[in-house]
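Now for the letters of each chain:
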Amino acid sequence: MKHVTSLILVLLLIVSGSFGYAYHQKSTEAEDAKSGLLSVSNVALFCLTDMDALVTMVENNVSDSVIRERVSRYTFCALMLSEASASLYDATGEKIYWDVHVASTNLADFFNHVRNQYSWEDIERNADLFEELGEAIFQVYDALGKGNLTETQTERLLNLTESLSW
């Protein structure tokens, strides 16, 4: 009887240890995935920080092909940020990542419209907003890199992108 009890205890310890190890492994994988998604988000945010350069390009009559290339780059970066932040939201459930996802989707839609319609007037119309957007994106980029991104920062970014006029 003592041997059966000892055997059951040993089996329970082995099973418990196996579950603990599996949990730890999955937890580590989840953290690694989150870290990777944060890195992708940081690169995309950095790419978008200088969007006010578009206004300077239009004002200085830079060729359409250069502006189109820049708009295409912003479209790609916004889409990349949209996907990464949606995945971060799925992984964490944190509202800040959802706000970044919606804001970047708004940017991607806007830049895609500008690129497809060759609508430089839309860039000129939103000139003041681009400066604010660049500043808000830089604040999100900086805070995300430091690990202290706040809902206030992401809501400001979201509100600014919702103000874009086409």
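Residues numbered from 1 in each chain as written. Predicted model: local features only at pLDDT ≥ 70, side-chain atom pairs only at ≥ 80, totals over all residues. Heavy atoms only, no water.

A. Spatial organisation of the overall build of the protein. Within the protein one finds seven helices and zero strands. Of the regular secondary structure in the protein, the N- to C-terminal order runs α-α-α-α-α-α-α. The buried share of the protein, taken over its 166 residues, is 36%. At a minimum sequence separation of 6, the contacts of the protein that also span at least 24 residues come to 73%. (Helix = DSSP H or I, 4+ residues; strand = E, 2+ residues; numbered from the N terminus. Buried < 20%, exposed > 50% of the residue type's maximum accessible area, 1.4 Å probe, protein only. Contact = heavy atoms within 4.5 Å.)

B. Fine view of the pattern of salt bridges. Under the counting rule described, the total for this entry stands at seven salt bridges. Asp99 serves as the salt-bridge partner of Lys95, at 2.9 Å between the closest nitrogen and oxygen. You can see Lys95 and its partner Asp99 sitting in helix H4 (residues 95-117), four residues apart, about one turn around the helix. Overlapping salt bridges, with partners in common, bring together Asp50, Arg70 and Arg73 in one network. (Salt bridge = Lys/Arg side-chain N within 4 Å of Asp/Glu carboxyl O.)

C. Summary view of a negative patch on the surface. Side chains of Asp52, Asp128, Glu131 and Glu132 sit close together on the surface and give a patch of like negative charge. One can find Asp52 in the loop between helix H1 (2-48) and helix H2 (53-59). The exposure class of Asp52 is partly exposed, given its relative accessible area of 33%. (Patch = residues over 30% accessible without salt bridge, like charges linked within 9 Å, V, L, I, M, F, W, Y side chains within 5 Å. Areas by Shrake-Rupley, 256 points an atom, 1.4 Å probe, with all protein chains shown as cover. Lys, Arg positive; Asp, Glu negative; His and termini not counted. Charge placed at Lys NZ, Arg CZ, Asp CG, Glu CD.)

D. Highlighting the state of the cysteines. Scanning the model with the defined rule gives one disulfide in all. The partner cysteine of Cys47 in its disulfide is Cys77, sulfur to sulfur 1.9 Å. An S-S torsion of about 85 degrees defines the bridge between Cys47 and Cys77 as right-handed. Here Cys47, found in helix H1, pairs with Cys77, found in helix H3 (residues 64-92); they are 30 residues apart in sequence, far enough to count as distant. (Disulfide = S-S within 2.5 Å.)

E. Just H4, in detail. Over its 23 residues, H4 runs 33 Å from end to end, which matches the ideal 33 Å to within 8%, given 1.5 Å per residue. Just beyond H4, the residue with positive phi is Tyr118, at close to 50 degrees. (Expected span 1.5 Å × (residues − 1).)

F. Up close: a nonpolar patch on the surface. On the surface, a cluster of nonpolar side chains totalling about 380 Å² of accessible area is made up of Val4, Ile8, Leu9 and Leu12. Its location among the elements puts Leu9 in helix H1.

G. The packing of aromatic side chains, seen in detail. Following the criterion strictly, the structure yields eight aromatic pairs and no others. For the pair Phe110 and Trp166, a centre-to-centre distance of 6.2 Å together with 70 degrees between the ring planes defines the contact as edge-to-face. A residue pair is termed long-range when its members are at least 10 positions apart, and Phe110 in helix H4 and Trp166 in the segment after helix H7 (151-162) qualify at 56 residues. For Phe110, a relative accessible area of 0% puts it in the buried group. Ring geometry for Phe138 against Tyr141: centres 6.0 Å apart, planes inclined by 45 degrees, an arrangement best described as tilted. Remark: Tyr141 and Phe138 occur in helix H6 (residues 127-146); sequence separation between them is three residues, near one turn of the helix. (Phe/Tyr/Trp six-rings, centres within 6.5 Å; stacked < 30°, edge-to-face > 60°.)

H. Representation of the environment of Ser72 within the structure. Structurally, Ser72 is set in helix H3. Along the sequence, Ser72 and Ala108 sit 36 residues apart, while their C-alpha atoms lie 9.4 Å from each other.

I. The arrangement of unusual backbone geometry in detail. The backbone phi angle of Asn61 is positive, close to 55 degrees, even though this residue is not glycine. Asn61 gets classed as exposed once you look at its relative accessible area, which sits at 69%.

J. Molecular detail of the environment of Leu81. In this fold, Leu81 is placed in helix H3. The class for Leu81 is buried, based on a relative accessible area of 3%. C-alpha separation for the pair Leu81 and Asn42, spaced 39 residues apart in sequence, amounts to 8.3 Å. Excluding residues that lie within four positions of it along the chain, Leu81 makes contacts with Ser41, Ala44, Leu45, Leu48, Val100 and Ser104.

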